[in-house]
Amino acid sequence: MLRSAGIYLSKVRKAHISVVPGSIYLSSGIVEEANINRSPTSYDANPAEERAKYSGNTDKEMVQLNFFNDAGQALGVLNWFAVHPTSMNNTNLLISGDNKGAASQMFEKEMNPNYVTGQGPFVAAFASTNLGDISPNIMGPRCIDTGVECDLEHSTCDGRVQKCIASGPGKDMFESTQIIADRQYQVSKQLFLNTEGFEELMGSVDYIHQWIDMSKYEVTLEDGSVNTTCKPALGYSFAAGTTDGPGEFDFTQGVITGNPFWDFISGLLKDPSPEQEACHAPKPILLDTGEFTLPSAWHPTVVDTQILKIGKVHLLAVPGELTTMAGRRVRETVADSLKPLGDDIVPVIAGLSNTYTHYITTFEEYQKQRYEAASTIYGPNTLLAYQQQFSKLAVALKVGEELPAGTPPDDLLGAQISFVPGVVYDQPPAGSDFGDCVVEPGDARPGDRVTATFISGHLRNNLMLEKTFLRVELEEGQGEYRIVAVDSDWETKLQWLRTNSILGSSEVTITWDIPLDAVPGNYRIVHLGHYKHILRGITPYQGSSRIFRVGSENKQNQGLTSWGRFQKKKVERETDDIDIFSQFFM
């Protein structure tokens, strides 16, 4: 519910109130060294003649829409490129936008130089497409204890998945995030600057939407026979996780037989029916979610299918994560369905749209039962169902046919159960108050890290939607400060700790990795939050650190943080685009 509120505030409302006449231009380019296939043995199960049509087992094309108003001023970009936002691995406990969010910030900072992050008029959106089997950890999976390559088929080291982890290209996950983000950003920026490569989108803007029941969707097979999809279920290899984030216990990828112990444990919830097992074969069912109904359905059965048309571009809103080849098949099927009607379209997979239904593999990949196949919850005919459904939607949209809307799913918002206890009260330690800075930052230079710790309330008292829990401020005059960083900036981190659960005492520690281009001057770190009094309720507070000095650049660049190392590499290679960018602000 809070996520929906954030999306509404930051996207829908702002977009609605800022609508202006303008034009949209299509462009595309290749992003190199930003993705690898994390299930290559599954990809290789696809027919050789089909694989021969493509240059590799990943899609490297970025498709971008460039938005301008009628005065020629740039409004933003929206692009799609296939890579998982999993550069930040599952050891990370900080909220972040991963490589997609970092790429967005890089572009927006360039175009909105005088704005706080996320508040400028230019919007850069880096979206997901068919990323189901695609990893940003391009150094690939290795056994973290020995450095040797993992078992390729099962992604294991000595028979277990826990030590088979993919990483890179940076020295840690923060630097890797920035590098993969930068590679997306650089291509996006060049597509935006290369106006000679623009194709203006002409024609109608339209849409079509239909609810379908994916637990029993009828599909026509190649031999003309009819089959159906299945009630949702997750297989054994779902619990194994991926090389981007392995699971626990003794689960491995590529498993096509069950285990008596785990069959017994999952059977305590619900044993799959013989019909369910047959429908999902060869998947050994671990969690029969489609037949769990307490307290409500564990997985959706009725899902959205939708196409948004902007001229020749057709955005296929798929409610799941298509693998590389699965996405290629959907795009090809939809495009081919419209060619007899005279349309030569650009189909774009807008993945993970509307509801979420895990993964979608090809039939051949499904037989391998790696993580993505075990997470294809509607069984082996899932992809074929979506191919036929989106082809039907595209033709109906073209000819103006009004399809039945379908029956929407039940609204379960009021039936949600939370196991997270509410905040009872907050209490500062004796002799302290909320907002007091108990660890002060010292003077520093660009490339250094400064730290401040504050007495705080519980952060869940107010999630500060469209606001910030911290500010880094530069003094510009007597008592006048300018914000240079907030909690969404990658050079800042905020970690909250309940220091005494009985007394309700908490602290936040704020770190700032000083950018190499930071202006020398006097700075302070500000923390903003809310505390809960057991009688008076929730009250806002604010505190600031001492003034500290940021000096001139650290010429030796010794001891740089991961953010500093990334910035140094970026500055060394990047040309100055300021004059080129200025033409878009009239």
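Refer to the structure printed above.
In short, a report on the structure. Since the structure is predicted, the reported quantities are computational estimates derived from the model, not experimental observations.

This next bit is on the overall build of the protein. Across its full length, the protein carries 13 helices and 30 strands. For 586 residues, the compact-globule estimate of 2.2 N^0.38 gives 25 Å, and the C-alpha radius of gyration of the protein, at 26 Å, lies within 12% of that figure. Sorting the 586 residues of the protein into buried and exposed places 49% on the buried side. Computed over 49 positive and 73 negative side-chain charges, the separation of the two mean positions in the protein equals 4 Å.

Bringing the nonpolar core into the picture now. Residues M214, I307, L316, L322 and F390 are the most contacted members of the largest nonpolar core, which totals 30 residues. Of all the secondary structure elements, the ones that give two or more residues to this core are β10 (205–213), β17 (302–310), α8 (324–338) and α11 (382–399). Among the elements that take part in this core, α11 stands out by supplying eight residues, more than any other. If sequence neighbours within four positions are ignored, M214 has contacts with T229, C230, T301, V303, Y378, T382, A385 and Y386. Within the second largest apolar cluster, 28 residues are counted, among which are F68, A74, M88 and F122.

What follows deals with the pattern of salt bridges. Overall, the coordinates contain 23 salt bridges when judged by the stated rule. Notably, a salt bridge pairs R38 with D244, separated by 3.0 Å at the nearest N-O pair. Of this pair, R38 sits in the loop between β2 (36–37) and α2 (40–43) while D244 sits in the loop between β14 (241–242) and β15 (245–246), and the two are 206 residues apart along the sequence. Like D244, R38 is buried. Two residues, R331 and D59, come together in a salt bridge whose shortest N-O distance is 2.9 Å. Within this pair, whereas R331 is found in helix α8, its partner D59 is found in the loop between α3 (48–51) and β3 (61–69), the two being separated by 272 residues in sequence. Looking at D59, the relative accessible area reads 13%, which means it is buried. Ionic contacts of the salt-bridge type, sharing partners, join the residues R38, D244 and E372 into one network.

This paragraph deals with the packing of helix α4 (residues 98–111) against helix α5 (residues 173–193). In contact at an axis separation of 8 Å, α4 and α5 are set at 50 degrees when each is read in the N-to-C sense. Relative to α5, α4 is oriented oblique. When the axes of α4 and α5 are compared, the crossing they make is right-handed. Contacts between α4 and α5 involve D98, N99, K100, A102, A103, M106, F107, E110 and M111 from the first element and T177, Q178, I180, A181, D182, Q184, Y185, S188, K189 and F192 from the second.

What counts, and where the lines are drawn
- Residues numbered from 1 in each chain as written.
- Predicted model: local features only at pLDDT ≥ 70, side-chain atom pairs only at ≥ 80, totals over all residues.
- Heavy atoms only, no water.
- Helix = DSSP H or I, 4+ residues; strand = E, 2+ residues; numbered from the N terminus.
- Rg over C-alpha atoms; globule rule 2.2 N^0.38 Å.
- Buried < 20%, exposed > 50% of the residue type's maximum accessible area, 1.4 Å probe, protein only.
- Lys, Arg positive; Asp, Glu negative; His and termini not counted.
- Charge placed at Lys NZ, Arg CZ, Asp CG, Glu CD.
- Core = buried A, V, L, I, M, F, W, Y, C linked by side-chain atoms within 4.5 Å.
- Contact = heavy atoms within 4.5 Å.
- Salt bridge = Lys/Arg side-chain N within 4 Å of Asp/Glu carboxyl O.
- Axes fitted to C-alpha atoms, helices over the stretch in contact; angles between N-to-C directions.
- Parallel < 35°, antiparallel > 145°, perpendicular 65-115°, else oblique.
- Left-handed = near helix turned anticlockwise from the far one by under 90°.

Don't take any of this as a statement about function, it's just geometry.
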